[in-house]
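# An overview of the molecular structure
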Amino acid sequence: MTLTIPTAYPHVALDAYVIMPNHIHLLLTIRELSNGGVGSPRPTIPGIVKGWKALITRQLGHSIWQTSYYDHVIRGPRDYEEILQYIRNNPAKWHTDTFYLSDGEEHP
């Protein structure tokens, strides 16, 4: 489902993602439009997220989403690399998440 983003938005690259049990991380790059933006609006992060959440909600038949999300504008190559590594390393940190439950453990 995350891979539908570049199909729906040809000028958006999905550089990295990870799906965790209680959250997801996406690293998106919005590239320049080849025609300078004439005749087609540039996609926005809120529009992409809204469309993606709606698609998954339709496919599941119910919503699994919280109403908000956190975004971060990447300011340069160093920032990009830090975010990329954070996404790649996130699964290894799952056991430290406050919502992590070991086998057999139940929510309070």
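All of these numbers come straight from a predicted model, not from anything done at the bench. (Residues numbered from 1 in each chain as written. Predicted model: local features only at pLDDT ≥ 70, side-chain atom pairs only at ≥ 80, totals over all residues. Heavy atoms only, no water.)

### Brief notes about the overall build of the protein chain
What counts here: By the criteria applied, helices consist of DSSP H or I runs no shorter than four residues and strands consist of E runs no shorter than two, each listed in order from the N terminus. Should any heavy atoms of two residues lie within 4.5 Å, those residues are considered in contact. To be clear on the numbers: accessible area is Shrake-Rupley with a 1.4 Å probe, and residue cover counts the displayed protein chains and nothing else.
Regarding its fold elements, the protein chain presents three helices and two strands. Reading the protein chain from its N terminus to its C terminus gives the helix and strand order α-β-β-α-α. Of all intrachain contacts in the protein chain linking residues separated by at least 6 positions in sequence, the fraction that spans at least 24 positions is 40%. When the accessible surface of the protein chain is totalled, it reaches about 8100 Å², and 57% of it is carbon and sulfur.

### Regarding the environment of valine 49
Structurally, valine 49 is set in helix α2 (residues 45-60). Put simply, valine 49 and leucine 26 are 23 residues apart on the chain and 9.9 Å apart in space, counted from C-alpha to C-alpha.

### Here's the deal with the side chain of aspartate 79
Stated precisely, the cut-off is as follows: When accessible area is computed with a 1.4 Å probe and restricted to protein chains, residues below 20% of their type maximum are described as buried, those above 50% as exposed, and intermediate ones as partly exposed. This count recognises Lys and Arg as positive and Asp and Glu as negative, with His and chain-terminal groups excluded. Salt bridges are defined by distance alone: a side-chain nitrogen of Lys or Arg within 4 Å of a carboxyl oxygen of Asp or Glu. By the criterion applied in these results, polar contacts are pairs of N or O atoms within 3.5 Å in which, for protein atoms, one can donate a hydrogen and the other can accept it, and in which residues neighboring in sequence qualify only through two side-chain atoms.
Residue placement: aspartate 79 occurs in helix α3 (residues 77-89). The side chain of aspartate 79 is buried and forms no salt bridge, while arginine 75, the nearest opposite charge, is found at 6.0 Å. Here the side chain of aspartate 79 touches histidine 72 through a polar contact of 2.9 Å, side chain to side chain. Beyond its immediate chain neighbours, meaning those up to four positions away, aspartate 79 contacts His72, Val73 and Ile74.

### So, the pairing of strand β2 (residues 24-30)
This is how the line gets drawn: Following DSSP output, two strands are said to pair if at least two bridges run between them.
Judged from the seven bridges that link them, strand β1 (residues 12-19) and β2 form a sheet pairing that is antiparallel. Residue pairing across strands places valine 18 opposite histidine 25, the latter belonging to β2. Linking β1 back to β2 in an antiparallel pair, the connection comprises four residues.

### Quick notes on the confidence of the model for the protein chain
The test is simple: Each residue carries a pLDDT score, the predictor's confidence in it, ranging from 0 to 100.
Mean pLDDT over the protein chain stands at 83; residues scoring 70 or higher make up 81%. Ranking the elements of the protein chain by mean pLDDT puts helix α1 (residues 4-8) last, at 81, and α3 first, at 95.

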